[in-house]
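Read off the chains here:
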Amino acid sequence: MGVPSVSGETYIMFKRAMTVIAACWLLSGCFILDNLEFALFPPMAPNPFETPPAPLGLKEVVEERLAVIGPEPGETTGMTVFEPVGGGNGSAVVWILGLNHRSYYQQSLHETLASYGYTVVVPDNRPYKFADLDFHNSIIRAATLAVDALSDGRIGEGIDPSKIAVGGFSIGGPLACFVAAERPAVRTAFAWAPLEPPFWMRFDSEDFLPFVTQPILLVEGARDTVAPPGTWLSRLTDFAGTGSSDIITVVLGEGVHYYFQQPDEADASNAPTTITREDQMGRAIVATLLWLDFQMLAPLEGS
């Protein structure tokens with residue numbers, strides 16, 4: 001009651017000062033973390049090739065942006081769609097990106113597949129944050145939404161729901177296998193330089209791989225130090241429901257991790273190599289196209 005004592009006023013001022021200091025520390029920490037995340041996983045500039053790295057098919061290709069409505073109220077997901085003009089072969093591919101990647105990171109893959117009649121859908125990723133423990137789940141939700149939209153006709157024309165494949169680069173490869181487990185009707189899964197997401201993303205392949213039964217293609221680089229060849233194969237061999245005879249690995253001699261994408265800003269992290277980006281991308285695309293043609297265009301057993 002009455003006028004506070006000098007010591008009481010000092011204590012109040014001390015508490016206020018400490019609150020301000022703590023708030024400034026927290027804000028500066030968030031600022032530093034945001035900048036660190038951006039520095040580690042920045043969006044890279046497009047790097048279009050002057051000439052296609054793999055032979056193109058006969059179809060012209062159109063690229064468009066779509067906002068696909070999800071199951072939750074007000075939920076939409078942006079997707080980039082590559083479609084063959086005049087209709088395709090009834091097959092589709094959902095491509096899953098790695099950390100903070102954009103659809104143009106594997107632009108030549110998407111355009112080449114579409115030129116041979118495949119509809120290719122690339123769902124957007126939200127920017128990666130260290131504290132975003134739902135990041136990989138958001139990617140899976142977007143990819144399964146793409147599979148569902150292809151199956152029910154919201155994306156593409158004349159797509160056969162039994163002829164949908166899922167694939168991805170880096171962490172997108174294991175996530176493609178997860179989507180295959182979530183959607184058993186997916187015909188096949190494939191992965192370029194598959195890298196299992198880090199443990200803090202709460203992603204354990206042992207939990208879902210037993211439910212993966214589709215044939216799987218792995219395309220890896222012999223000199224990849226980020227995702228060494230054979231690493232994801234060992235996980236599949238140990239835990240996947242897919243039989244070992246249905247897992248095919250293509251190892252590209254002299255191949256390195258960041259030549260599986262077109263932007264060149266991460267090349268300093270590659271091991272020394274004698275292969276060119278165009279050569280590696282071309283070989284990876286051809287291997288993928290041959291796999292998809294074999295898996296998707298042949299009739300299913302018993303049909």
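Report follows, based on the coordinates. As the structure is a computational prediction, the values presented were derived from the model and not from experiment.

The next thing to look at is the nonpolar core. Inside soluble globular proteins, nonpolar side chains tend to come together where they are buried. Core analysis: the largest hydrophobic core is formed by 42 residues, its most contacted members being Val 166, Phe 208 and Leu 236. Breaking this core down by element, the ones donating at least two residues are strand E2 (76-84), strand E3 (92-96), helix H3 (135-151), strand E5 (164-169), helix H4 (172-182), strand E6 (188-192), strand E7 (216-221) and helix H6 (231-239). It is H3 that provides the largest number of residues to this core, a total of nine residues. Once you skip the residues sitting within four places of it in the chain, Phe 208 turns out to touch Pro 174, Cys 177, Phe 178, Ala 181, Phe 203 and Trp 232. Leu 113, Ala 193, Leu 217 and Met 281 belong to the second-largest nonpolar core, a separate cluster that totals 28 residues.

Evaluated as defined, the whole model comprises eleven salt bridges. Notably, a salt bridge pairs Asp 134 with Arg 126, separated by 3.5 Å at the nearest N-O pair. A salt bridge links Glu 206 to Arg 235, with the nearest nitrogen and oxygen atoms 3.7 Å apart. Here the residue Glu 206 occupies a position in helix H5 (residues 205-208), and Arg 235 occupies one in helix H6, the gap between them amounting to 29 residues. On the basis of relative accessibility, which here comes to 37%, the residue Glu 206 falls in the partly exposed class. It is possible to trace a salt-bridge network through shared partners that takes in Glu 196, Asp 204, Glu 206 and Arg 235.

Moving on, we get to the packing of aromatic side chains. Aromatic ring pairs are reported here in terms of the distance separating the ring centres and the angle at which the planes meet. Taken as a whole and assessed by the stated rule, the structure comprises six aromatic pairs. Relative to Tyr 105, the ring of Tyr 104 has its centre 5.5 Å away and its plane inclined at 40°; by these criteria the two rings are tilted. When its relative accessible area of 0% is taken as the criterion, Tyr 105 is described as buried. Between the aromatic rings of Phe 169 and Phe 260, the centroid separation amounts to 6.4 Å while the plane-to-plane angle is 40°, which identifies the pairing as tilted. Taken together, the residues Phe 169 in strand E5 and Phe 260 in the loop between strand E8 (247-252) and helix H7 (277-296) connect sequence positions 91 residues apart. No difference in accessibility class separates Phe 169 from Phe 260, as the two residues are buried. Among the aromatic residues, ring-to-ring pairing joins Trp 95, Phe 169, Phe 190, Trp 192 and Phe 260 into one connected group.

The rules we used
- Residues numbered from 1 in each chain as written.
- Predicted model: local features only at pLDDT ≥ 70, side-chain atom pairs only at ≥ 80, totals over all residues.
- Heavy atoms only, no water.
- Core = buried A, V, L, I, M, F, W, Y, C linked by side-chain atoms within 4.5 Å.
- Buried < 20%, exposed > 50% of the residue type's maximum accessible area, 1.4 Å probe, protein only.
- Helix = DSSP H or I, 4+ residues; strand = E, 2+ residues; numbered from the N terminus.
- Contact = heavy atoms within 4.5 Å.
- Salt bridge = Lys/Arg side-chain N within 4 Å of Asp/Glu carboxyl O.
- Phe/Tyr/Trp six-rings, centres within 6.5 Å; stacked < 30°, edge-to-face > 60°.

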